[in-house]
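Given next are the chains, with one letter for each unit.
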Amino acid sequence: MTTTIDHTALQQDMPQIRPTLQNSVGPGSRAVLVTGAAALGAGAALALSPGIASGLTGAVVAAGAITSLAANWSTCGMSVAGVVVAPKQPGRKGSSTPVRRLAWHGLGSVVTASITGSAIGWLGGVVSGAVPVAVMLGVWATLSLAYGLHELGLAKMPTPMRRQQLPRHLRRSMEPWKVSLLFGAIIGPGFLIYIRSSAYYLMALGVAAVGSPALGAALFVTVSLGRCLPSALAIVHTRRGGSMPGFLSLMCVVDRRVQAITGAALIGLAVFAGITLI
């Protein structure tokens, strides 16, 4: 049985399917999150006293960790969970299990993510020498603050991305493991579909600023593996007797909590980076 939830609707703020941020996380809770994250960011900067270069690297690594959590609940991530976990329709070619399909999906995602991250790091390394590290960290901190407020619904920032879903027709024309592999390869770079979390921009920009292909590959692969989490949870959920529509509905609620936490974390990283510059 496949889910009946419209995945285009998941991208939109439709209260009957995907609650709004305001209805999911109240102003008081958001204020507590921001205050706590800012305090943690300031405390980390004062306790560690990193240099500007190491501070930039640390902030980017933290942004990658946040992205690996926040990017999980994307429209395409939920759609993939349905593809990976749903049983193969009778008469359809191929044989596989949800666990094997998840492995194929992870493989495709890791391969293209590592190539993308390495390329961004290499390109950044070519041009970053012309810009002082302090300037890059200052710009990064400013954008982290702005996009943190954006995630919390307190500001509006541009979110350039390819507004394209995964090709759903492939689910009916290809063997399940091939669909899982191809979907993983498309999702891996992150820029070929919707970008669900602003943290993704900060991670990619930071990788370019640091200019390290190895760091770029590591962070993009981390995000790719994180994006497999909804499918893994869906497998556990269905094996315990749950339904996919029920699982996706729950994820739509979790999505907004994750969004608020992400916004607060980005503000905390902005504070960390700002103090590092002082």
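Placed above this text is the structure.
Reference entry: report on the structure contained in this document.

Criteria and thresholds
Residues numbered from 1 in each chain as written. Predicted model: local features only at pLDDT ≥ 70, side-chain atom pairs only at ≥ 80, totals over all residues. Heavy atoms only, no water. Helix = DSSP H or I, 4+ residues; strand = E, 2+ residues; numbered from the N terminus. Contact = heavy atoms within 4.5 Å. Core = buried A, V, L, I, M, F, W, Y, C linked by side-chain atoms within 4.5 Å. Buried < 20%, exposed > 50% of the residue type's maximum accessible area, 1.4 Å probe, protein only. Expected span 1.5 Å × (residues − 1). Phe/Tyr/Trp six-rings, centres within 6.5 Å; stacked < 30°, edge-to-face > 60°. Axes fitted to C-alpha atoms, helices over the stretch in contact; angles between N-to-C directions. Parallel < 35°, antiparallel > 145°, perpendicular 65-115°, else oblique. Left-handed = near helix turned anticlockwise from the far one by under 90°. Patch = residues over 30% accessible without salt bridge, like charges linked within 9 Å, V, L, I, M, F, W, Y side chains within 5 Å. Areas by Shrake-Rupley, 256 points an atom, 1.4 Å probe, with all protein chains shown as cover. Salt bridge = Lys/Arg side-chain N within 4 Å of Asp/Glu carboxyl O. Polar contact = N/O pair within 3.5 Å; in protein donor to acceptor, adjacent residues only side chain to side chain. Nonpolar A, V, L, I, M, F, W, Y, C, P; charged D, E, K, R; others polar.

**Digging into the overall build of the protein**
Logical step 1: Within the protein, the secondary structure is distributed over 13 helices and 0 strands.
Logical step 2: For the protein, the sequential pattern of α-helices and β-strands runs α-α-α-α-α-α-α-α-α-α-α-α-α.
Logical step 3: Across the protein, the fraction of contacts at a sequence separation of at least 24, relative to all contacts at a separation of at least 6, is 83%.

**Points about the nonpolar core**
Logical step 1: Judged by nonpolar contacts, the single largest core of 31 residues is most densely connected at Trp140 and Phe220.
Logical step 2: For this core, the elements supplying multiple residues, two or more each, are helix 4 (52-70), helix 6 (98-127), helix 7 (133-151), helix 10 (199-210), helix 11 (213-226) and helix 13 (244-277).
Logical step 3: Apart from the residues lying within four places of it in its own chain, the contact partners of Phe220 are Ala113, Thr116, Gly117, Ile120, Gly188, Pro189, Phe191, Tyr200, Met203, Ala204 and Val207.
Logical step 4: Ranked by size, the runner-up nonpolar core spans 19 residues in total, among them Val84, Val85, Phe183 and Ile187.

**Digging into helix 4**
Logical step 1: With 19 residues, helix 4 should reach 27 Å at 1.5 Å per residue; the first-to-last C-alpha distance of 26 Å fits that figure.
Logical step 2: Along helix 4, the residues classified as buried are Gly55, Leu56, Ala59, Val60, Ala63, Gly64, Ile66, Thr67, Ser68 and Ala70.
Logical step 3: Buried residues along helix 4 sit against helix 7, helix 10, helix 11 and helix 13.

**Considering the packing of aromatic side chains**
Logical step 1: On inspection of all chains with the given rule, the structure shows 5 aromatic pairs.
Logical step 2: Ring-pair connections join several aromatic residues into one group, and the members of that group are Phe191, Tyr200 and Phe220.

**Details of the packing of helix 3 (residues 27-48) against helix 13**
Logical step 1: For the pair helix 3 and helix 13, the least separation of the axes is 7 Å and the interaxial angle reads 30 degrees. As far as their axial angle goes, helix 13 and helix 3 are roughly parallel. Helix 13 is crossed by helix 3, and the crossing has right-handed handedness. Taken together, the residues of helix 13 that come into contact with helix 3 (itself represented by Leu33, Val34, Ala37, Ala38, Gly41, Ala42, Ala44, Ala45 and Leu46) are Ala260, Ile261, Ala264, Ala265, Ile267, Gly268, Val271, Phe272, Ile275 and Thr276.

**Focus on the environment of Ala155**
Logical step 1: Looking at where Ala155 falls in the secondary structure, it is placed in the loop between helix 7 and helix 8 (170-173).
Logical step 2: Judged by relative accessible area, Ala155 falls into the partly exposed class, the value being 32%.
Logical step 3: When near neighbours in sequence (up to four residues on either side) are disregarded, Ala155 contacts Ala146, Leu149 and His150.

**Notes on unusual backbone geometry**
Logical step 1: Phi at Ser49 is positive, roughly 45 degrees, even though this residue is not glycine.
Logical step 2: Structurally, the position occupied by Ser49 is in the loop between helix 3 and helix 4.

**Looking at a nonpolar patch on the surface**
Logical step 1: Side chains of Trp104, Leu107, Val111 and Ile115 sit close together on the surface and give an oily, nonpolar patch of about 360 Å² of accessible area.
Logical step 2: Following the sequence through the fold, Val111 ends up in helix 6.
Logical step 3: According to the relative accessible area criterion, Val111 is partly exposed, its value standing at 40%.

**Remarks on the side chain of Ser68**
Logical step 1: Structurally, Ser68 can be placed in helix 4.
Logical step 2: Among the polar contacts listed, one links the side chain of Ser68 to the backbone oxygen of Ala65, at a separation of 2.6 Å.

**Let's talk about the pattern of salt bridges**
Logical step 1: Counted according to the given criterion, the structure contains 2 salt bridges.
Logical step 2: Ionic pairing is found between Glu175 and Lys178, a salt bridge with its closest N-O pair at 3.6 Å.
Logical step 3: Under the relative-accessibility criterion, Lys178 is labelled partly exposed at 33%.
Logical step 4: Measuring nitrogen to oxygen at the nearest pair gives 2.8 Å for the salt bridge that ties Asp255 to Arg196. One end of the pair, Asp255, is in helix 13; the other, Arg196, is in the loop between helix 9 (176-187) and helix 10, and 59 residues separate them in sequence.

**What to know about the packing of helix 4 against helix 7**
Logical step 1: Put simply, helix 4 and helix 7 touch, their axes get as near as 9 Å, and they point 35 degrees apart. In this structure, helix 4 meets helix 7 at a crossing whose hand is left-handed. The segment helix 4 lies against helix 7, with Ile52, Ala53, Leu56, Ala59, Val60 and Ala63 engaging Val133, Ala134, Leu137 and Trp140.
Logical step 2: Taken together, the residues of the contact of helix 4 with helix 7 sort by class into 10 nonpolar, no polar and no charged.

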